[in-house]
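Breakdown of the fold
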Amino acid sequence: MLDSKMKNTLLALAGTAVLMASSPVLAQDAVPATPAAATAPAADATAATPAPAADTAPAADAPVTVAETVGHGGGGITPISMFMDAGMVVKVVMIGLILASIFSWTLLLIKMFEFGALGRTTDRFLEAFRGARTIADMRRIATSDDFDGNPLADMAAAATEEVELSRQAGLSVTGDHRDSALLRAQTAVAAVQAGLAGRLSGGQQFLASTGSTAPFVGLFGTVYGIMNSFIGIAESNTTNLAVVAPGIAEALLATGIGLFAAIPAVIFYNYFNTRIANYGTRSDGFNAELINGISRQLDKGA
């Protein structure tokens, strides 16, 4: 009896312990462990989240820098800006070539007016000369102020003056001394004609020099500028085209200016050489016409 009471008491105590262990009130101390464990990864994830943001910051800045660089290297480049940013040697080359080009165009305008006026004056002189009836008339027309400085008028003046000097010296220019007087007149005409090419070819040497040397001068500026650009590339340790393109463009501008100065100079040189040659042919024809006219007048006894 006693043993059964003790067994019942022990069973009751064990059941009470089990109920107390499984009671929600007593289990509240163990519940917070689960949220703590769950929030730990969340905290780690939150702590890890700023790292990508920090990594993406340079990426956000990079497009701005590239855009600015491309904007400067693209639409911001003009011939004036390239000239202003060029080195001193390249600037000197560009300025020299620009001055040579300006002088070439100035020579073009001057010689165009010169040859135009020369052609008109020559036409009027030939018309008047062919109306002369005596050597005195030839001399009067040739020495007229209307034809002052005209090469053909100077040739006629020199020939008639020689005949007049021979006559004043007492020589029989229409008789025994006719041939010698005519020879001296031819020599005087040849002397004037020899200086004709020099009178008409003023500025041709400059055009020839500009046309032949300007491309090489421009190339020198380009080589020097590209050399500096490669030095800058080596110092900056970058091969970004937007960075190195402006320096190379500045260097190439020197070659462009050199060609701009050389091409017109060569064209003008060839053009004026043709005009000079044509006028020389015209003067040769007038030389024959002049000597024939003087010889005819001497035969007539004029």
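Everything numeric in this text was worked out from a predicted model, so none of it was measured. (Residues numbered from 1 in each chain as written. Predicted model: local features only at pLDDT ≥ 70, side-chain atom pairs only at ≥ 80, totals over all residues. Heavy atoms only, no water.)

1. Structural notes on the overall build of the protein chain
The following threshold applies: Only DSSP runs of H or I covering at least 4 residues are called helices, and only runs of E covering at least 2 are called strands; the numbering of each starts at the N terminus. Between buried and exposed lies partly exposed: a residue is buried under 20% and exposed over 50% of the maximum accessible area for its type, with that area taken using a 1.4 Å probe on protein chains only. Residue contacts are counted whenever heavy atoms from the two residues lie within 4.5 Å of one another. A 1.4 Å probe and the Shrake-Rupley method give the accessible areas. Residues count as covered only by the protein chains that appear here.
When helices and strands are tallied, the protein chain shows twelve helices and zero strands. Traced from its N-terminal end to its C-terminal end, the protein chain shows the element sequence α-α-α-α-α-α-α-α-α-α-α-α. The proportion of buried residues among the 302 residues of the protein chain is 29%. Of the contacts formed within the protein chain by residues at least 6 apart in sequence, a portion of 82% connects residues at least 24 apart. Of the roughly 17,900 Å² of accessible surface on the protein chain, 67% is carried by carbon and sulfur atoms.

2. What about the pattern of salt bridges?
Selection criterion: A carboxyl oxygen of Asp or Glu within 4 Å of a side-chain nitrogen of Lys or Arg is what we treat as a salt bridge.
Summed over all chains, the structure comprises eight salt bridges. Two residues, Glu162 and Arg184, come together in a salt bridge whose shortest N-O distance is 3.5 Å. Of this pair, Glu162 sits in helix α8 (residues 151-168) while Arg184 sits in helix α9 (residues 178-194), and the two are 22 residues apart along the sequence. Taking the relative accessible area as the measure of exposure, Arg184 reaches 29% and is therefore partly exposed. For Glu164, the salt bridge goes to Arg167, with nearest N and O atoms at 3.2 Å. Note that Glu164 and Arg167 are positioned in helix α8 at a spacing of three residues, about one turn of the helix. With a relative accessible area of 31%, Arg167 lands in the partly exposed category.

3. Observations regarding the packing of helix α6 (residues 88-129) against helix α11 (residues 204-236)
Basically, it comes down to this: All axes are obtained by fitting lines to C-alpha atoms, using only the stretch in contact for helices, and the reported angles, taken between N-to-C directions, cover 0 to 180 degrees. Every angle not falling under 35 degrees, over 145, or within 65 to 115 is termed oblique; those three ranges are roughly parallel, roughly antiparallel and roughly perpendicular. Crossing chirality is assigned from the near helix's rotation relative to the far helix, an anticlockwise turn below a right angle marking it left-handed and a clockwise turn marking it right-handed.
Between α6 and α11, the least distance of the axes is 10 Å, while the angle of their chain directions is 160°. Compared by their axis directions, α6 and α11 come out roughly antiparallel. Where α6 crosses over α11, the handedness of that crossing is left-handed. In contact with Val89, Val90, Val93, Leu97, Ala100, Phe103, Ser104, Leu107 and Lys111 of α6, α11 contributes Gln204, Phe206, Leu207, Thr210, Ala214, Val217, Gly218, Phe220, Gly221, Tyr224 and Gly225.

4. Focus: the side chain of Lys111
Inclusion rule: Under the convention used here, Asp and Glu are negative, Lys and Arg are positive, and both His and the chain ends fall outside the count.
Its location among the elements puts Lys111 in helix α6. No salt bridge is formed by the buried Lys111. Its closest oppositely charged neighbour is Glu114, at 4.1 Å. Leaving out residues up to four positions away in the same chain, Lys111 has contacts with Leu200, Ser201, Gly202, Gln204 and Phe272.

5. Digging into the confidence of the model for the protein chain
In plain terms, the rule: A residue's pLDDT is the predictor's confidence in that residue, given on a scale from 0 to 100.
Per-residue pLDDT for the protein chain averages 75, and the proportion of residues at 70 or more is 69%. pLDDT under 50 marks residues 17-74. Its contacts with residues more than four places away, or in other chains, come to ten contacts.

6. So, a nonpolar patch on the surface
To keep things clear, this is the line we draw: Without a salt bridge and with relative accessible area above 30%, a residue can belong to a patch; like charges are then joined within 9 Å and nonpolar side chains (Val, Leu, Ile, Met, Phe, Trp, Tyr) within 5 Å.
Together, Ile95, Ile98, Leu99 and Ile102 make up an exposed nonpolar region whose accessible area comes to about 360 Å². Of note, Ile102 is situated in helix α6.

7. Regarding helix α7 (residues 135-142)
The criterion, for reference: As used here, the arc is the angular range of directions from the helix axis to the C-beta atoms.
All buried positions along α7 are accounted for by Ile135, Met138, Ile141 and Ala142. Seen from one end, α7 has its buried residues packed into an arc of 125°, which puts them on one side. Turned more than 90 degrees away from the buried face of α7, the exposed residues are Ala136 and Arg140.

8. Section: the nonpolar core
Using the following cut-off: Definition used in this section: a nonpolar core is a set of buried Ala, Val, Leu, Ile, Met, Phe, Trp, Tyr and Cys residues joined via side-chain atoms within 4.5 Å.
Membership of the largest hydrophobic core comes to 38 residues, with the highest contact counts inside it found for Phe125, Phe286, Leu290 and Ile294. Breaking this core down by element, the ones donating at least two residues are α6, α7, α8, α9, α10 (196-200) and α12 (241-300). With ten residues, α12 is the single largest residue contributor to this core. Apart from residues no more than four positions distant in its own chain, Phe125 is found in contact with Ile141, Ala142, Phe147, Asn150, Leu152, Ala153, Ala156 and Phe286. Leu97, Ala214, Ala254 and Ala261 belong to the second largest nonpolar core, which has eleven residues in total.

9. Brief notes about the packing of α8 against α9
Two numbers describe how α8 lies on α9: the axes approach to 8 Å, and their chain directions differ by 150°. Judged by the inter-axis angle, α8 sits roughly antiparallel to α9. Crossing angle aside, the handedness with which α8 passes α9 is right-handed. On α9, the residues that touch Pro151, Asp154, Met155, Ala158, Ala159, Glu162, Val163 and Ser166 of α8 are Ala181, Arg184, Ala185, Ala188, Val189, Val192 and Gln193.

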